[in-house]
Each structure stands twice: as C-alpha cells, then as structure tokens.
Amino acid sequence: NSITEATVKEIPRRYSPYLLKILGSALYWAEGYKAVVNMVSFSNSDPGMIALMMKFFREICKVAETKFRGALHIHPHLDKEKAEKFWSKTSGITLKQFHKTQFGVSKASKHKRDTLPLGTFSIVICDARLQSKIKGWIKGIENWRNIGAVGAIG
C-alpha cells in the first residue's frame, strides 16, 4: 500500500531511551497484566511486539536475564515444540526458563482455527519494584490527559 510505504518514513529508524520508555510503558498500560502486585506480565501474539517489549525490559528496566520467564498458550492441535523454539528465539528467553506450555482454546477463538499458529506468548518477571516503576511511568503518561481530546466537552 503506497500510503503505508509513505508513512513508514514518518517514524524515525533510530529510537532514544526516552522514546522506548514511553512506548514500552504505553504498551504495558494497554496489554500488560496489572492485577498482581509482585509480577510484571506482558502477553501478545505479535512477535514484533514481544521483541520490542523485551528490548524495553532489558534496556530501560534493566531486568537480569535470570529473572525472565516465558509462558506459552497454544491450541492443543498445534506444534508445541515449534512454537516454543520460535518464542524462545524471538524473546531471547531460554527454553529452560519457560513455564509449562498451556493448551486450550479461548472463548474468543472458539470457532476460528489456526489464527494463532504459534500461540500467545507471555513475558513474566517476578519483581514488585519493577511493577511499581512501570505503574509510575503509566501515571506519568496518564497526566497527559489534561490536554483534552479535540472537541471534548468540559
């Protein structure tokens, strides 16, 4: 698509740590699991997003390699070993740091077949301090809401 090709150039190829902090925090705000106080967990089926969040966790959050855990959720009929190898390579998390792969079909994909041939991957880090830091960054982004939406009333 020519529009897509043209707009790709609007995003710089290089990133700054500041930009990565904002982007990683915003993605965690949208997609991260925030219900447990001592754990950071980010799940997605998009390899690019998992790779980006691993960069965020490694470079911005300074998470030690030994603290990473991987968790895979996949449909029962799919190739578990292939998916585990794929996500290990994508994330850089060794297979010995993976939790046991979970098999199942979510309600959302009950009648769809193979829309996620490699399943959904979760990056899991047990670290209460890190969760507090990310929550603080998210609150900082939330402070932008005083800008107000165009056309907003009030």
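This text goes with the structure placed above it.
Residues numbered from 1 in each chain as written. Predicted model: local features only at pLDDT ≥ 70, side-chain atom pairs only at ≥ 80, totals over all residues. Heavy atoms only, no water.

Colleague: What am I meant to see in the packing of aromatic side chains here?
Modeller: Think of a pair of aromatic rings as described by two things: how far the centres are apart, and how the planes are tilted against each other in angle. On inspection of all chains with the given rule, the structure shows five aromatic pairs. With a centroid separation of 6.1 Å and an interplanar angle of 70 degrees, the aromatic rings of Phe-56 and Trp-137 are classed as edge-to-face. Remark: Trp-137 occurs in helix α5 (residues 128-142) and Phe-56 occurs in helix α3 (residues 47-60); sequence separation between them is 81 residues. Where Trp-87 meets Phe-121, the ring centres are 5.3 Å apart and the plane angle is 5 degrees; that geometry is what we call stacked. (Phe/Tyr/Trp six-rings, centres within 6.5 Å; stacked < 30°, edge-to-face > 60°. Helix = DSSP H or I, 4+ residues; strand = E, 2+ residues; numbered from the N terminus.)

Colleague: Sorry if this is basic, but what is going on with the environment of Thr-115 here?
Modeller: Structurally, Thr-115 is set in the loop between β4 (102-103) and β5 (120-126). Residue classification places Thr-115 among the partly exposed positions, given a relative accessible area of 46%. When the C-alpha positions of Thr-115 and His-75 are compared, they lie 9.9 Å apart, and in sequence the two are 40 residues distant. (Buried < 20%, exposed > 50% of the residue type's maximum accessible area, 1.4 Å probe, protein only.)

Colleague: What exactly am I supposed to notice about the pairing of β5 here?
Modeller: A large share of β5 lies buried, amounting to five of its seven residues. In terms of strand pairing, strand β2 (residues 39-44) meets β5 through six bridges, oriented antiparallel. Bridging from a neighbouring strand, Ser-43 pairs with Ser-122 of β5. (Pairing = 2+ DSSP bridges.)

Colleague: Mind showing me how you'd approach the sheet that holds strand β1 (residues 32-33) here?
Modeller: Strand-to-strand pairing in sheets goes through backbone hydrogen bonds, with the strands running parallel or antiparallel. Taken together, five strands build an open sheet; the order of strands is β1-β2-β5-β3-β4 and the sheet is mixed. Whereas interior strands pair on both sides, the edge strands pair on one side only; in this sheet they are β1 and β4. For strand β3 (residues 68-74) and β4, the ladder comprises two bridges, and the chain directions are parallel. Paired with Ile-74 across the strands is Phe-103, a residue of β4. Along the sheet, α3 makes contact with β2, β3 and β5, crossing β2 at roughly 155 degrees. The sheet contacts of helix α4 (residues 80-91) involve β2, β3, β4 and β5, and relative to β3 the element is tilted by about 145 degrees. (Contact = heavy atoms within 4.5 Å. Axes fitted to C-alpha atoms, helices over the stretch in contact; angles between N-to-C directions.)

Colleague: It is not clear to me how α5 should be interpreted in this structure. Could you clarify?
Modeller: Side chains of residues three or four places apart in an α-helix project in the same direction, reflecting 3.6 residues per turn. The end-to-end C-alpha distance of α5 is 21 Å, a good match for the 21 Å that 15 residues give at a rise of 1.5 Å each. Taken together, the buried positions of α5 are Leu-130, Gln-131, Ile-134, Ile-138 and Ile-141. The buried residues of α5 occupy an angular sector of 100 degrees when the element is viewed end-on, so they sit on one face. The outward face of α5, more than 90 degrees from its buried face, is lined by the exposed residues Arg-129 and Lys-139. Looking at the buried positions of α5, the neighbouring elements they touch are α2 (17-31), β1, β2, α3 and β5. Between the side-chain oxygen at the start of α5 and the backbone nitrogen of Arg-129 there is a gap of 3.1 Å, and the oxygen is on Asp-127. (Expected span 1.5 Å × (residues − 1). Arc of directions from axis to C-beta. Polar contact = N/O pair within 3.5 Å; in protein donor to acceptor, adjacent residues only side chain to side chain.)

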